[in-house]
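Chains, contacts and geometry: an overview
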Amino acid sequence: MAKKDKKNKNQEIAATTTTTTTTTTTTSTTTTNKSEQDISNSDLTDSNSNSAGSSSVTGDDNEIYNTTTTNNTNLEDSDSEFNPFKNLSEKQINIFNQFKEKVWIDGNQKSTTTGFGEISEKEREWLENGGDMLLLRYLRARDYDLSLSFNLLKNTLEWRNKYRPYEITAESLSYEASSGKQYVFGKSLGRSVIYLRPVRENTKNHENQIRLMVYNIERAISLMDQSRGHEQIVLLIDFKDYSIRNAPPMSVSKQTLQILSDHYPERLGNAFLVETPFIFNVFWTTISPFINKVTYKKIVFANGEKQKIKVFSQFFDPNQLEKEFTGTSDHEYHHQNYWKNEIIINRKERNLPPLSDDEILTILNSKE
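In this report, the structure presented in the accompanying data block is examined.

Here we look at the nonpolar core
Ile194, Leu235, Leu236, Phe312 and Trp339 are the most contacted members of the largest nonpolar core, which has 61 residues in total. In terms of residue count, helix α9 (residues 206–222) provides more of this core than any other element does, 8 residues in total. Of all hydrophobic cores here, the second largest spans 22 residues; its members include Leu88, Val103, Trp126 and Tyr144.

Considering the pairing of strand β9 (residues 299–302)
Because side chains alternate across β9, one face comprises the buried residues Ile299 and Phe301, and the other comprises Val300 and Ala302, equally buried. Pairing geometry for strand β8 (residues 268–274) and β9, over 4 bridges, is parallel. Residue pairing in the sheet places Ala271 in a bridge with Ile299 of β9.

Digging into the environment of Phe96
Counting through the fold element by element, Phe96 comes out in helix α5 (residues 90–103). For Phe96, a relative accessible area of 2% puts it in the buried group. In this structure the C-alpha to C-alpha distance between Phe96 and Asp145, which are 49 residues apart in sequence, comes to 10.0 Å.

Re the pattern of salt bridges
Pairing of side chains with opposite charge becomes possible as their charged atoms draw close. Taken as a whole and judged by the stated rule, the model has 23 salt bridges. Where Lys181 meets Glu176, a salt bridge forms, and the shortest distance between an N and an O atom there is 2.5 Å. Here Lys181 falls in the buried class, since its relative accessible area comes to 5%. Glu176 sits in the buried class, given a relative accessible area of 4%. In this structure, Arg197 engages Asp238 in a salt bridge whose closest nitrogen and oxygen atoms are separated by 3.6 Å. In this pair, Arg197 sits in the loop between β6 (191–196) and α9 while Asp238 sits in strand β7 (residues 233–238), placing the two residues 41 residues apart along the sequence. The burial state of Arg197 is the same as that of Asp238; both residues are buried. Counted as one network, the salt bridges with shared partners bring together Lys110, Glu121, Arg124 and Glu128.

Here is what the cut-offs are and how they apply
Residues numbered from 1 in each chain as written. Predicted model: local features only at pLDDT ≥ 70, side-chain atom pairs only at ≥ 80, totals over all residues. Heavy atoms only, no water. Core = buried A, V, L, I, M, F, W, Y, C linked by side-chain atoms within 4.5 Å. Buried < 20%, exposed > 50% of the residue type's maximum accessible area, 1.4 Å probe, protein only. Helix = DSSP H or I, 4+ residues; strand = E, 2+ residues; numbered from the N terminus. Pairing = 2+ DSSP bridges. Salt bridge = Lys/Arg side-chain N within 4 Å of Asp/Glu carboxyl O.

Right, dumping it as structure tokens:
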């Protein structure tokens, strides 16, 4: 079905349906019907009880992302089109329709004149491409409060126009990414995964550290199939050998959390915190008050081999997870290969001519 037809169909559904939908997902042993929100809040009581404060902490895209279809994603209902409205009550659908009318004046999604006033063409495209699922995320983030949701989206549009995440280039972040401290690889139940390793921190450029995070969030989003209901990302944070020396400043952590919650609302599926050491307790005690309750429930601790196997077997097909985390994938981050491909892809996205191998090599070897 053409994208235009899909949008029209969804608009019709939004106006009429009050039934229930689910996105079919699986664990390692059973097949269940869940939405991405349900997946995020799966029953992992044993894992979450082993928190930083109480645990014994001793315990078809580009090939670089390995986003080929796996057993988990095969279990989705591929015969029926994903419908983001089936879970909604009649009241929520009415609020959605009011929200959409308030955002798009006269329903014209090709006009830069919106309910927020005049916006840039880039922001208009972002709104249009995000479609109904984007609007629904902002509504969910504010419990379907029309005014709060509108203001949240308004602030995001202002932030995107000022911060311009679409202008962050792979070339400018090559050195920042060179240690492999942060990269996108694999899928967790159809959701893109960002690996983070604080021990590999290689710069003191806090602005670029945040820019790399935003770049990878945008990349992770671009690799998901929204037509199948995939819209949330997964963070896999490896705290092996974590110390005060490589801990980010509190200001950077708070700004990162603010960007995620305010400008990528309802985008976080799960955050897996792996091998959290005792020293992490100090950081966790300080930062956790700034994490909202919904996000807090999506955080899962995985300390020790037994717990990692239990946790990751529920969320990953083994060949979509690196061996270090109990998967079977041989993937490791090699900057010369990974970031070369990233530069090529990013330039295509910006409609720029390709660089020569020598030009790319110069960028990859740069220390700036």
